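Close look at the chain arrangement
Here is what each chain is made of, one letter per residue.
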Amino acid sequence: MNFLNQYRGLRKEMYIIFWGRVVTAMGGLIGPMLTLILKSKLGFSASEAANLMIIIGFIQLPCVLIGGKLADRFNKKNIIVICDMVTVIGYLLCAFLPMQRFLVVIFCISGIFAQIEWPSYDALIANLSTQEERSRAYSLNYMGVNLGFILAPTLGGILFENNLNLAFLISSIATFSSTVLIFFFIKDISPSADDSKAGMYEQGRDASLKEIFSCTPILMIFVISIGVTGALYHVGNGFMMPLSLDALFNGKGALIFGTLCSFNGIIVILGTPLCTALFAQMDDTKKLIAGEAFQMAGYLLFMLSGTRIFMYYISMLVFTIGEILNTIGEKPYITSRIPSSHRGRVSSVITVFSGMVNGICLYLAGLLADMFSIMYIWIGILLLGIVNLMILTYLKRKDRQQFPLLYEGSGTAL
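Structure report, in brief.

Quick notes on the rules
Residues numbered from 1 in each chain as written. Predicted model: local features only at pLDDT ≥ 70, side-chain atom pairs only at ≥ 80, totals over all residues. Heavy atoms only, no water. Disulfide = S-S within 2.5 Å. Phe/Tyr/Trp six-rings, centres within 6.5 Å; stacked < 30°, edge-to-face > 60°. Helix = DSSP H or I, 4+ residues; strand = E, 2+ residues; numbered from the N terminus. Buried < 20%, exposed > 50% of the residue type's maximum accessible area, 1.4 Å probe, protein only. Lys NZ or Arg CZ within 6 Å of the ring centre and 35° of its normal. Axes fitted to C-alpha atoms, helices over the stretch in contact; angles between N-to-C directions. Parallel < 35°, antiparallel > 145°, perpendicular 65-115°, else oblique. Left-handed = near helix turned anticlockwise from the far one by under 90°. Nonpolar A, V, L, I, M, F, W, Y, C, P; charged D, E, K, R; others polar. Expected span 1.5 Å × (residues − 1). Polar contact = N/O pair within 3.5 Å; in protein donor to acceptor, adjacent residues only side chain to side chain. Contact = heavy atoms within 4.5 Å. Core = buried A, V, L, I, M, F, W, Y, C linked by side-chain atoms within 4.5 Å.

1. Things to note about the state of the cysteines
Under the definition given, this model contains 0 disulfides. No disulfide involves C63; its nearest neighbouring cysteine sulfur is the one of C108, lying 7.9 Å away. In this structure C83 is a free cysteine whose sulfur lies 9.9 Å from that of C63, the closest cysteine sulfur available.

As structure tokens, this is what we get:
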């Protein structure tokens, strides 16, 4: 269990955020069930539910940008507490009001405030860790979210049919308990004193967001690559995998995909601390390159699995290693290369751009799935992944030129 010792020595606020994330994610029973709630409980047709989900998504995108602006201007802890309380009240109303269509407005408002707080979370984690600690800090946060999400869908599924009001009540109480922890126990949110060489890149630039990207155009390459990575993840894992399994195994496809998702969650929990320790000496750009390579290798194995069910679990194992490496590489990379005063806004820009690319790619994949063989779409995903690997390789070369101090003393490990 030595690999768990790597999480020792972080600021105490990081452990409070970790537990808060676990509790909040455990209370996230509603999100995975929203489509079913709209269709089965509120009487929306499948197309109406899909259109409403798209509308909600588009409404939330500019709210993320607002959240980024707020995170850089006001107290991040207070933003999280206020947004959480709006969500708590919204879910509490849904728990005690009759299930009618006007509740969609409450869903939407709760979702908007949940999106507004995300840039504050990301920026707060960056502020509470030094450049050397950042990979471990985001790794711990990622593990906390997934610990909660393992239980949430199962509990939500149990309560959905006859006790949906209880699901809303549990979500409200769980989110409130997380808010209490953050409000009372996180006292110091000042940025960590960073005496590393990365500190030169994090301090002393009072500029607009446009000027930040103009001064360091390599950041735009990073944003584009992360957008493509996210789209490949969601289209492949969330759309093509269940579609492929359903085509091969008919009614059993959903069951197999469900167990693969559970397997993914288990690997994330067990593999995140292990990968964080094993790749601790690898620089962030190499983690991103390795993460993309593992994800594409996982997709390739998935394509070649045929009716051999055990191969799908091997492919998911490989894919999940890539997912972990991308997670522990992405946030530390960007937060070490921008001023602390701009972390919230940059985080929101990345989220919005990734959401737009994901939406476009998912729409195209849906159209192509009706016109061509599923195998052709998988080939397209792999080709796009290869292009993204080339972009990341170029990013690494330019990044070393732009931020040489971040590479001093890194050696050639891994």
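Next comes the rest of the description.
2. Description of the packing of aromatic side chains
Taken as a whole and judged by the stated rule, the model has 10 aromatic pairs. Summarising the aromatic geometry, the rings of F263 and Y313 are spaced 5.7 Å apart at their centres and angled 80° between planes, so their arrangement reads as edge-to-face. With F263 in helix α11 (residues 253-278) and Y313 in helix α13 (residues 309-335), this pair connects stretches of sequence that are 50 residues apart. Seen in terms of ring centroids, F302 and W378 are 5.4 Å apart; in terms of plane orientation they differ by 45°. Their pairing is tilted. Highlighted residues: F302 in helix α12 (residues 284-303) and W378 in helix α15 (residues 374-402), separated in sequence by 76 residues. Given the relative accessible area of 3%, F302 is considered buried. Through successive ring pairs, a cluster of aromatic residues spans Y233, F249, Y299, F302, Y312, F319 and W378. Note that K77 overlies the ring of F183, its terminal NZ or CZ placed 5.5 Å from the centroid. The ring of F403 carries R337 above its face, with NZ or CZ at 5.4 Å from the centroid.

3. Considering the packing of helix α10 (residues 218-249) against α15
Where α10 meets α15, the axes come as close as 9 Å, and the angle between the chain directions of the two elements is 155°. One way to sum up the angle between α10 and α15 is to call them roughly antiparallel. Seen from above, α10 lies across α15 with left-handed handedness. Among the residues making up the contact of α10 with α15, the classes are represented as 19 nonpolar, 7 polar and 2 charged.

4. Notes on helix α14 (residues 343-369)
Over its 27 residues, α14 extends 38 Å from the first C-alpha to the last, a length consistent with the 39 Å expected when each residue adds 1.5 Å. What α14 keeps buried is the set R343, G344, R345, V346, S347, S348, I350, V352, S354, V357, N358 and A365.

5. Re the side chain of D399
Relative to the elements of secondary structure, D399 occurs in helix α15. Using a relative accessible area of 0% as the deciding quantity, one classes D399 as buried. A polar contact is formed between the side chain of D399 and the side chain of R337, at a distance of 2.9 Å. Those residues in contact with D399, other than ones at most four positions away along the chain, are I218, T285, Y333, R337 and Y407.

6. So, the nonpolar core
Grouped together as the largest cluster of nonpolar side chains are 23 residues, with contacts concentrated most on L42, V104, F107 and F168. Examining the composition of this core, we find that 7 residues originate from one element, helix α5 (residues 103-127), more than from any other. In terms of nonpolar packing, the next biggest core, distinct from the first, is built from 22 residues, L232, I256, F302 and I377 among them.

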